[in-house]
Amino acid sequence: MAAWLLGIKTLKIQPYILPSLGPHDVKVRIKAVGICGSDVHHFKTMRCANFIVKKPMVIGHECAGIIEEVGSEVKNLVVGDRVALEPGISCNRCSLCRNGQYNLCREMKFFGSPPTNGSLANQVVHPSNLCFKLPDNVSLEEGAMCEPLSVGIHACRRANVGPETNVLIMGSGPIGLVTMLAARAFGAPRIVLVDVDDQRLAIAKDLGADDIIRVSTNIQDLDEEVAKIQSTMVTGVDVSLDCVGFNKTMSTALNATRAGGKVCLVGLAQSEMTVPLTPAAAREVDIVGIFRYRNTWPLCLEFLRSGKIDVKPLITHRFTFSQKDVEEAFETSARGGNAIKVMFNL
C-alpha cells in the first residue's frame, strides 16, 4: 500500500505494485517518512516549480527502513539491516554523472518528483548503492532526516563553511534550521538567523543560533536591517545562505555579506529576482547555487552517530500510516506554524 496523490489536496492510501527486484536492488520495508516542503507544494498545487504532477503519483522521499530482500549481486547489505535511502537515481552515464555531479543529471529519477513514484509506502525497491546502513545509535527517524540534512551539508560544502567563517542564514524554516546545524558541525564559530516569524526564530535560538533577527517583508526596510545584521555579526558576514529565495532575502544576503565573501542560494521561492547584483560583484561577492545534494549520506550519518548534529528536536509531529493520519499530517505540515518536521511511523 502507498499514499497516492490523486489531485489537489487529495491523498488516498491505495495498492502499489512494486517494480521487480534487479540484481543490484534491495526491497526495503519503509519505517519512517518525513514530509518535505516540496511534498506540500505537490499536495497543495499538484506542482513544485517546473515539476508538474500529471497522473496519480506516490508521494514522499525522506525515508528510512529495514532491508527485506536483496538482489543476487548485492554484497554490502543483508536482510534486517536498517538503512537510510538517498531518493534520487541518476543515469550514471552522462558527463555530469561521470564528473561526480550526479545531482544535476537530466535523467534523474527522484522519489515523489513527477513522474517518479515516491516512498510513502509499506515497501519500495531501490538500488543498494543508495541505501546507507544506519549506525546502531541512530534511529530510523533520524535516518529519514538525512535527506533534509543533506541539503544543509551540500550548501555548507558549496559555500566553503568552516571554522573561520561567520555565517548568516536567511530563513529559519526546516531547511534553514538543518543548514544551521550543518554549519555548526562544519565549525562555523558564529551563526545568525534571520526570519519574519518570531516562533521560528525562537526555535532557531533553542537549537543553537548565536543570535536571531526578526525582519519585515518590506523591501524599504532593507538598508536598516542589513546594518543591524552587520552590527550583530560584529566581525563581518563571511558566508550568507539564503534558505528562502525571495527578492528581499537574496538582496539582504548580497548586501550584508562582506567584500570577498560568499552567498549561497538554497531556497528556490522565486524563479526570477531583482537583486543588487552589480554592487555585490564590485565587492567580489561570489554567488553559488545548490540543487539537492550529492555524496552526503555518509557524512550525515557520521554527524548523527558522533552527536555533532542532533536532528531529533526538529521532529515536532508524528503520525501513523492510516488514511486519516495521512490527510491530517499533510494539513499539519501545510499550515506551518509550530510544525517543523512532520514524520510518519509506518
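This structure is a prediction, so every number in the text was calculated from the model and none was measured.

**Here's the deal with the side chain of threonine 249**
Within the secondary structure layout, threonine 249 lies in helix α8 (residues 247-256). Non-local contacts of threonine 249, meaning those with residues more than four positions away in its chain, are made with Met170, Asp242 and Val244.

**Focus on the UniProt feature "domain: Enoyl reductase (ER)" (unreviewed entry) in the protein**
The UniProt record annotates "domain: Enoyl reductase (ER)" (unreviewed entry) at residues 7-344. Along residues 7-344 one finds 30% helix and 26% strand; the C-alpha atoms at either end are 21 Å apart.

**A few points about the nonpolar core**
Core analysis: the biggest nonpolar cluster contains 58 residues, and Val161 and Leu241 have the highest contact counts within it. Those elements that place two or more of their residues in this core are α3 (140-144), α4 (146-158), β13 (167-170), α5 (174-185), β14 (191-195), α6 (198-206), β16 (237-242) and α10 (297-306). Both of domain 1 (2-133 + 311-345) and domain 2 (153-289) provide at least three residues apiece to this core. Not counting chain neighbours up to four residues away, the residues in contact with leucine 241 comprise Ala155, Ala159, Val167, Leu168, Ile169, Met170, Thr179, Cys264 and Val266. Leu5, Ile13, Phe321 and Val342 belong to the second-largest nonpolar core, a separate cluster that totals 33 residues.

**Observations concerning the domain arrangement of the protein**
You can read the domains of the protein as domain 1 (2-133 + 311-345) and domain 2 (153-289). The C-alpha centroid of domain 2 is placed 29 Å from the C-alpha centroid of domain 1. With eight residues of domain 1 at the contact, the number on the domain 2 side is nine residues. Summed over both partners, the interface of domain 1 with domain 2 comes to about 700 Å²; 69% of that surface belongs to carbon and sulfur atoms. Taken together, domain 1 and domain 2 are joined by zero salt bridges. Viewed at the interface, domain 2 and domain 1 are joined by one residue pair in polar contact (both at pLDDT 80 or more).

**A word on the sheet that holds β13**
Strand order across the open sheet formed by six strands is β15-β14-β13-β16-β17-β18, with parallel pairing between neighbours. Lying at the two open borders of the sheet, with one neighbouring strand each, are β15 (211-214) and β18 (286-289). Averaged over all pairs of adjacent strands, the angle between their axes in this sheet comes to 20°, without regard to strand direction. As defined by bridge partners, β16 adjoins strand β17 (residues 257-265) across five bridges and the pair is classed as parallel. Among the inter-strand pairings, valine 237 is bridged to a residue of β17, identified as threonine 257.

**A few points about the packing of α4 against α10**
For the pair α4 and α10, the least separation of the axes is 9 Å and the interaxial angle reads 105°. Viewed along their axes, α4 and α10 adopt a mutual orientation that is roughly perpendicular. When α4 is examined against α10, the residues Cys146, Glu147, Leu149, Ser150, Ile153 and Arg157 are found in contact with a partner set consisting of Trp297, Leu299, Cys300, Leu301, Phe303 and Leu304. Here the residues of the contact of α4 with α10 sort into nine nonpolar, one polar and two charged.

**Looking at the sheet that holds strand β1 (residues 2-7)**
Judged by pairing direction, the sheet is antiparallel, and its three strands sit side by side in the order β2-β1-β6 without closing on themselves. Looking at the sheet topology across the chains shown, the edges are occupied by β2 (10-14) and β6 (57-58). Packing against the sheet, helix α1 (residues 37-45) makes contact with β1, β2 and β6, and its axis sits at approximately 45° to β1. Of the strands in this sheet, β1 and β2 touch helix α11 (residues 323-335), which is tilted by about 150° from β2.

The rules behind these values
- Sequence order as written defines residue numbering, which begins from 1 separately in each chain.
- Totals for whole chains, interfaces and linings use every residue, but because this is a predicted model, local features are given only for residues with pLDDT of at least 70 and side-chain atom pairs only at 80 or more, for both listing and counting.
- The basis for the side-chain values is all heavy atoms of the structure; hydrogens and waters are excluded.
- Numbering goes from the N terminus for both helices and strands, where a helix is a DSSP run of H or I of at least four residues and a strand is a run of E of at least two.
- Whether two residues are in contact is decided by their heavy atoms: any pair within 4.5 Å suffices.
- UniProt positions are given in the numbering used here, feature names are shortened, and annotations may be inferred rather than shown by experiment.
- Put simply, a nonpolar core is a bunch of buried Ala, Val, Leu, Ile, Met, Phe, Trp, Tyr and Cys residues held in one set by side-chain atoms that sit within 4.5 Å of each other.
- The buried label goes to any residue with under 20% of its type's maximum accessible area, the exposed label to any with over 50%, and the partly exposed label to all in between, with areas taken from a 1.4 Å probe on protein chains only.
- An automatic or database domain assignment is the source of the domain bounds shown.
- Buried area is a sum: the accessible area each of two parts loses on coming together, probed at 1.4 Å, counted once for each and added.
- We define a salt bridge as a contact between a side-chain nitrogen of Lys or Arg and a carboxyl oxygen of Asp or Glu at a distance within 4 Å.
- The definition of a polar contact used here is a pair of N or O atoms within 3.5 Å, where within protein one atom must be able to donate a hydrogen and the other to accept one, and adjacent residues in sequence count solely through side-chain atom pairs.
- At least two bridges found by DSSP between two strands are what make those strands a pair.
- Helix axes are fitted to C-alpha atoms over the stretch in contact, other axes to C-alpha atoms as well, and angles between N-to-C directions run from 0 to 180 degrees.
- For classification purposes, an angle smaller than 35 degrees is called roughly parallel, one larger than 145 roughly antiparallel, one from 65 to 115 roughly perpendicular, and anything else oblique.
- Following the grouping adopted for this structure description, the nonpolar residues are Ala, Val, Leu, Ile, Met, Phe, Trp, Tyr, Cys and Pro, the charged ones are Asp, Glu, Lys and Arg, and the polar ones are all others, Gly among them.

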